[in-house]
Amino acid sequence: MFINTSILKKMIKNAYAGGGVSVARLRQKYVIAGDWWCIRVRADAFPAKDRAAVIEFISDFPQIGKKFTVSVSEEKNYGEFNARWRKMADEEYVQSVPDSIVSPMPTCLFLEGTENMCRVWQEEDKKIFIVPAQVDNLVSSKHIDKKIEMEPDAPISIIPEAKMSDALYWKNNCCELWVACARGILDKFDEKKDREKEEALKYTDWPKTLKVLY
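Summarised in this report is the structure supplied together with it. (Residues numbered from 1 in each chain as written. Predicted model: local features only at pLDDT ≥ 70, side-chain atom pairs only at ≥ 80, totals over all residues. Heavy atoms only, no water.)

## With respect to the environment of Met88
Then, in step 1: For Met88, the position within the fold is in the loop between β5 (77-78) and β6 (105-112).
Then, in step 2: When its relative accessible area of 1% is taken as the criterion, Met88 is described as buried.
Then, in step 3: Each C-alpha atom, one on Met88 and one on Trp178, is 9.5 Å from the other, the two residues being 90 residues apart in sequence. (Helix = DSSP H or I, 4+ residues; strand = E, 2+ residues; numbered from the N terminus. Buried < 20%, exposed > 50% of the residue type's maximum accessible area, 1.4 Å probe, protein only.)

Given below as structure tokens:
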């Protein structure tokens, strides 16, 4: 699995202490989600160390066809799954991919929100995406089992579900990762002059409070 185990553990810990960790067991896959991220992985390609990182907080996985959400303040709520990622916990869900794919790339611009440090990613057409900085070390080829796994595809920007926030999406033959982000348009950006902070942040809606860090 192309997920860095130590970063995954921190994400689960933060989700467990906050809005909760959602877990679903499909016939051949596990789905684990927090507020801004979701992972779906084949059961036969889910490393023991990563399973242990999840079980440390949820005690055990649900049976096939079941799901629940649990947090430090609430016991397991069976049948519930994070609303942002609910479709990903459906057995038959398949992520649609645009015909024309342009992969956004991380920039050197960081933003500090009320909860998360974020990095600005940018596509060639000046669209930008405000992405939690944890993602920098989350996707890692070092954690791939080369006997059964391929390298993950470059991330693409997608809209997982109508009225939900945008997301960046990574995938290989064993695992899928969605990371919620805010989409914007960077009309003016010149490193040699004063940066136009307002243009960088004008269209963003997540996180709510941001400031540019140089």
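## With respect to the packing of aromatic side chains
Then, in step 1: For the structure on display, the rule yields seven aromatic pairs.
Then, in step 2: Ring geometry for Trp121 against Trp170: centres 6.0 Å apart, planes inclined by 90°, an arrangement best described as edge-to-face. Of this pair, Trp121 sits in strand β7 (residues 117-122) while Trp170 sits in strand β10 (residues 167-171), and the two are 49 residues apart along the sequence.
Then, in step 3: Judged by relative accessible area, Trp121 falls into the buried class, the value being 7%.
Then, in step 4: When the ring of Tyr169 is compared with that of Trp178, the centres are 5.2 Å apart and the planes differ by 35°; the resulting orientation is tilted. For the residue pair Tyr169 and Trp178, the accessibility class agrees, reading buried in each case.
Then, in step 5: Taken together, the ring pairs connect Tyr30, Phe46 and Phe61 into an aromatic cluster.
Then, in step 6: Lying across the ring of Tyr30, Arg25 places its NZ or CZ 4.4 Å from the centre. (Phe/Tyr/Trp six-rings, centres within 6.5 Å; stacked < 30°, edge-to-face > 60°. Lys NZ or Arg CZ within 6 Å of the ring centre and 35° of its normal.)

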